[in-house]
Amino acid sequence: MPVLQDLLAALGSGRIEVVDLTSPLTAETPILRLPEPFANTTPFRLLELSRYDERGPAWYWNDIHTGEHTGTHFDAPVHWVTGRDGEDVSQVAPGKLVAPAVVLDFAEAAGADPDFLLEIEHVRAWEDEHGPLPEGAWLLYRTGWDARGGDQEEFLNDGHSPGVSAECARWLAEEKPILGLGVETVGTDAGAAPGFEPAFPCHSYFLGAGKYGLTQLRNLAALPVTGAVLVTTPLPIVGGSGSPARVLALVER
Ligand code: MN
């Protein structure tokens, strides 16, 4: 059977499930908060144009106000100074938006310590059990942080949220053949990462290496450790540093 026919049959029979990894976009969707003197993004907003009224009797529609880095979103290389000569979000090859994914689950550790950092030894231990991080794959880092996604304060947790150590970020970005890093937190870096050397090491190393970031993912617990395929759909904002994205995982049941 042709491959796409086979895929559709598997989707129809439930042999392949589509899992939505996306946080809903509302005015309450948590957003990053940088200290003075840095500029901040503003919350997502719907600006109503008409709703079956004199402004448009048969139709309802809105403008939207959103940051590029709001909710579940994609970080393009040009987002960071280390990747300033790299791709903007419209330039990412479509072929990279359908990619394998592996899940490294540290929800228990991050539950016990909100400042938990992924280290090289953790990834090496994972590789001993599951094999090398696959080429061109998303590394999805599960921390259980998605459970806090309904509340800005709980989500930001006063700057205490899990991430990746600077040493591990450099190693993953520069020595591993992965496509990028996906996280459940507000950004790819730990809450304490402004004080790391370098500051924001995941942004610095991954985007500097032409790799990508994905944030505020949900439902990683529904994915297998290996074998899922991610369909990631940032908007092709010309010159954009990132974009909100719907992220779907295809999972074989
Ligand atoms: Mn971002």
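For the structure, see preceding data.
Student: I would appreciate a short explanation of the overall build of the chain in the present structure.
Tutor: Helix and strand counts for the chain come out as 6 helices and 12 strands. Relative to its length of 253 residues, the chain is compact, with a C-alpha radius of gyration of 19 Å against a globular reference of 18 Å. By its C-alpha atoms, the chain is 65 × 60 × 40 Å across when sized along the principal axes. Expressed as a percentage of the 253 residues in the chain, the buried residues total 45%. Residue pairs in contact within the chain that sit at least 24 positions apart in sequence constitute 72% of those at least 6 positions apart. For the chain, the exposed area adds up to about 12500 Å²; of that, 56% sits on carbon and sulfur atoms. In the chain, which carries 16 positive and 36 negative side-chain charges, the distance between the mean positions of the two groups comes to 4 Å.

Student: Explain unusual backbone geometry to me, please; I cannot follow it from the model alone.
Tutor: What is expected of a backbone is that most residues other than glycine have negative phi and most peptide bonds are trans. At the junction of Glu-36 and Pro-37, the peptide bond is cis and its omega measures out at 5° in the coordinates. With a phi close to 50°, Asn-157 is a non-glycine residue in the positive phi region. Given the relative accessible area of 22%, Asn-157 is considered partly exposed. The phi dihedral of Asn-219 is positive, around 65°, even though this residue is not glycine. Along the chain, Asn-219 falls in the loop between β10 (212-214) and β11 (228-234).

Student: So what exactly am I meant to see when it comes to the coordination of the manganese ion here?
Tutor: A metal bound by six donors in octahedral fashion has ideal angles of 90 or 180 degrees, whereas one bound by four tetrahedral donors has an ideal angle of 109.5 degrees. Taken together, His-69 (ND1), His-73 (NE2) and Asp-75 (OD) make up the full set of protein donors to the manganese ion, lying 2.1 to 2.3 Å away. A relative accessible area of 18% means that His-69 is categorised as buried. Judged by its relative accessible area of 3%, His-73 is buried.

Student: What is the right way to read the pairing of strand β5 (residues 98-105) from this model?
Tutor: Here is the key point about a regular strand: its side chains alternate between the two faces of the sheet. Where β5 meets β11, 4 bridges bridge the pair, whose relative direction is antiparallel. Bridged to Ala-99 within β11 is Leu-230. Across 5 bridges, β5 lies against strand β7 (residues 138-142) in parallel orientation. Bridging across to β7, Ala-101 finds its partner in Trp-138.

Student: What should I look at first to understand a nonpolar patch on the surface in this one?
Tutor: Judged by side-chain polarity, Leu-46, Tyr-52, Tyr-60 and Ile-64 come together as a nonpolar surface patch covering roughly 430 Å² of accessible area. Note on placement: Ile-64 falls in strand β3 (residues 56-65). By relative accessible area, Ile-64 is classed as exposed at 54%.

Student: I tried to follow empty space enclosed by the protein on my own but got confused; where do I start?
Tutor: One pass over the full model with this rule turns up 2 cavities of 30 Å³ or more. Volume-wise, the largest cavity comes out at about 40 Å³. Together, Asp-75, Leu-181, Thr-188, Cys-202, His-203, Phe-206, Leu-207, Tyr-212 and Gly-213 line the largest cavity. At the level of elements, α6 (201-208) and β10 are the ones that each hand at least two residues to the lining of the largest cavity. With 4 residues, α6 is the largest single contributor of residues to the lining of the largest cavity. When grouped by side-chain class, the residues that make up the lining of the largest cavity number 5 nonpolar, 3 polar and 1 charged. Estimated volume of the second largest cavity: approximately 30 Å³. Surrounding the second largest cavity, Tyr-141, Thr-143, Pro-162, Gly-163, Val-183, Glu-184, Thr-185 and Thr-188 form its lining.

Student: Even after reading the chapter, I still don't get the packing of aromatic side chains, so can you show me in this structure?
Tutor: In this description, a pair of aromatic rings is defined by centroid distance and the angle of the planes. Taken as a whole and assessed by the stated rule, the structure comprises 7 aromatic pairs. For the pair Phe-106 and Phe-116, a centre-to-centre distance of 5.6 Å together with 20° between the ring planes defines the contact as stacked. Of this pair, Phe-106 sits in the loop between β5 and α2 (107-112) while Phe-116 sits in the loop between α2 and β6 (117-118), and the two are 10 residues apart along the sequence. Given a relative accessible area of 11%, Phe-116 falls into the buried group. The ring of Tyr-60 carries Arg-51 above its face, with NZ or CZ at 4.0 Å from the centroid. One residue, Arg-148, lies across the ring of Trp-145, its end atom 3.9 Å from the ring centre.

Rules and cut-offs
Residues numbered from 1 in each chain as written. Predicted model: local features only at pLDDT ≥ 70, side-chain atom pairs only at ≥ 80, totals over all residues. Heavy atoms only, no water. Helix = DSSP H or I, 4+ residues; strand = E, 2+ residues; numbered from the N terminus. Rg over C-alpha atoms; globule rule 2.2 N^0.38 Å. Buried < 20%, exposed > 50% of the residue type's maximum accessible area, 1.4 Å probe, protein only. Contact = heavy atoms within 4.5 Å. Areas by Shrake-Rupley, 256 points an atom, 1.4 Å probe, with all protein chains shown as cover. Lys, Arg positive; Asp, Glu negative; His and termini not counted. Charge placed at Lys NZ, Arg CZ, Asp CG, Glu CD. Donors = N, O, S within 2.8 Å, 3.2 Å for Na, K, Ca; no water. Pairing = 2+ DSSP bridges. Patch = residues over 30% accessible without salt bridge, like charges linked within 9 Å, V, L, I, M, F, W, Y side chains within 5 Å. Salt bridge = Lys/Arg side-chain N within 4 Å of Asp/Glu carboxyl O. 1 Å grid on protein atoms, 1.4 Å probe; cavity = no way out; pocket = protein on both sides within 12 Å on 5 of 7 lines; lining within 4 Å. Points joined across faces, edges and corners; volume = space filled by probe spheres on them. Nonpolar A, V, L, I, M, F, W, Y, C, P; charged D, E, K, R; others polar. Phe/Tyr/Trp six-rings, centres within 6.5 Å; stacked < 30°, edge-to-face > 60°. Lys NZ or Arg CZ within 6 Å of the ring centre and 35° of its normal.

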